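These are the residues of each chain, in order.
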Amino acid sequence: MKFDKIIAVRTSKTVYRDGDRAVKVFDEGFKKSDILNEALNHARAEETGLPVPKLLEVGVVDGKWAIASQYIQGKTLGELMEEYPEKMDEYLNLFVDIQLDIHSRKAPLMNKLKDKMNRKISATDLDATTRYELHTRLEGMPKHNKVCHGDFRPSNIIIGEDGVNYIIDWSHATQGNASADAARTYLLFYLKGDEETAEKYLNLFCEKSDTAKQYVQKWLPIVAASQSVKGNPEEQELLNKWLDVVDYE
């Protein structure tokens, strides 16, 4: 394996640059079905017309599954936020605008968010009563069919040198309720310890989308339960807080 350089290292996967391609190589043991689903999500996101790096190939590199896509020259929005903190408000506005653009698209063949959330709740270590309440709350939420990124964070936006803002990492994408997607983004900021940005983000999302903040907050216990399946002990205490404070209806 002789790639130009490592772009990113994430849990169970490493992203390399190979000329004009970015190659995500998955660790041995990573479920083949999850890799193929990620590639399919990526292709379906491309078909919506969103600015997504072109999917080029799914294959095997040194015995490990890999997804190759177009390499984008630029910096992530997360990197720019760290480099230019004085422009944080401007970047956050752009971030929300990109998310709203995603939510304006349709991809009828993507997996449904509610189905995924129901599976995640069932897979948690929560007691039967809490799981029942979460399933009930989820079923009571309005059914939508908007494209939801599922892991929308500043590091998944590349501000391209060509002036295009590219959206990457579609492994968690579904179609469903945009407020669930917003609740997850809010939680991701919170889990990073950036409570101030989390609150700014949520206020901005609700203002720009004309959504009641309480409506997004109703999704938080469901999204927290889904996130807890990852089993990250550092996150568990905070996620439990979101589950504990909910007043079930």
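The structure under discussion appears in the preceding block.
A quick note: this is a predicted structure, and the numbers were derived from the prediction, not measured.

### As for unusual backbone geometry
Step number 1: Positive phi is not limited to glycine here, since Ser 12 has a value of about 70°.
Step number 2: Within the fold, Ser 12 resides in the loop between strand E1 (5-10) and strand E2 (13-18).
Step number 3: With a relative accessible area of 29%, Ser 12 lands in the partly exposed category.

### Section: the packing of helix H4 (residues 113-122) against helix H9 (residues 220-228)
Step number 1: As a packed pair, H4 and H9 sit with axes 8 Å apart at the nearest point and diverge in direction by 60°. When you trace H4 past H9, the crossing you get is left-handed. Where H4 abuts H9, its residues Met 117, Lys 120 and Ile 121 lie against Ile 222, Val 223, Ala 225 and Ser 226.
Step number 2: Of the residues assigned to the contact of H4 with H9, the class counts are five nonpolar, one polar and one charged.

### What to know about the pairing of E1
Step number 1: As defined by bridge partners, E1 adjoins E2 across five bridges and the pair is classed as antiparallel. Residue pairing for E2: Lys 5 is matched across the bridge by Arg 17.

### Looking at the sheet that holds strand E4 (residues 55-61)
Step number 1: Reading across the sheet, the five strands line up as E1-E2-E3-E5-E4 and stay open at both edges, with antiparallel pairing between neighbours. Here the strands that pair on one side only, and so sit at the sheet edges, are E1 and E4. Each adjacent strand pair in this sheet contributes to an overall mean axis angle of 20°, direction not counted.
Step number 2: Note that E4 and strand E5 (residues 64-70) share six bridges and pair antiparallel. In the strand pairing of E5, Val 60 is matched with Trp 65.
Step number 3: Packed onto the sheet, helix H1 (residues 32-47) meets strand E3 (21-26), E4 and E5 and runs at close to 10° relative to E5.

### Considerations on the side chain of Lys 13
Step number 1: With respect to the helices and strands, Lys 13 occurs in strand E2.
Step number 2: Despite being buried, Lys 13 has no salt bridge partner; Glu 38 is the closest side chain of opposite charge, sitting 4.7 Å away.
Step number 3: Discounting residues that sit within four places of it in the chain, Lys 13 has contacts with Lys 24, Val 25, Phe 26, Asp 27 and Phe 30.

### Regarding the packing of aromatic side chains
The geometry of an aromatic ring pair is captured by the separation of the ring centres together with the interplanar angle, meaning the angle of the planes.
Step number 1: All chains considered together, the criterion is met by eight aromatic pairs.
Step number 2: For the pair Phe 26 and Phe 30, a centre-to-centre distance of 4.8 Å together with 55° between the ring planes defines the contact as tilted.
Step number 3: By relative accessible area, which is 25% here, Phe 30 ends up partly exposed.
Step number 4: Seen in terms of ring centroids, Tyr 186 and Tyr 190 are 5.5 Å apart; in terms of plane orientation they differ by 45°. Their pairing is tilted. With Tyr 186 and Tyr 190 both in helix H6 (residues 178-191) and four residues apart, the pair spans about one turn of that helix.
Step number 5: Looking at Tyr 186, the relative accessible area reads 5%, which means it is buried.
Step number 6: Classification of Tyr 190 as buried rests on a relative accessible area of 11%.

Thresholds, definitions, all that
- Residues numbered from 1 in each chain as written.
- Predicted model: local features only at pLDDT ≥ 70, side-chain atom pairs only at ≥ 80, totals over all residues.
- Heavy atoms only, no water.
- Helix = DSSP H or I, 4+ residues; strand = E, 2+ residues; numbered from the N terminus.
- Buried < 20%, exposed > 50% of the residue type's maximum accessible area, 1.4 Å probe, protein only.
- Axes fitted to C-alpha atoms, helices over the stretch in contact; angles between N-to-C directions.
- Left-handed = near helix turned anticlockwise from the far one by under 90°.
- Contact = heavy atoms within 4.5 Å.
- Nonpolar A, V, L, I, M, F, W, Y, C, P; charged D, E, K, R; others polar.
- Pairing = 2+ DSSP bridges.
- Lys, Arg positive; Asp, Glu negative; His and termini not counted.
- Salt bridge = Lys/Arg side-chain N within 4 Å of Asp/Glu carboxyl O.
- Phe/Tyr/Trp six-rings, centres within 6.5 Å; stacked < 30°, edge-to-face > 60°.

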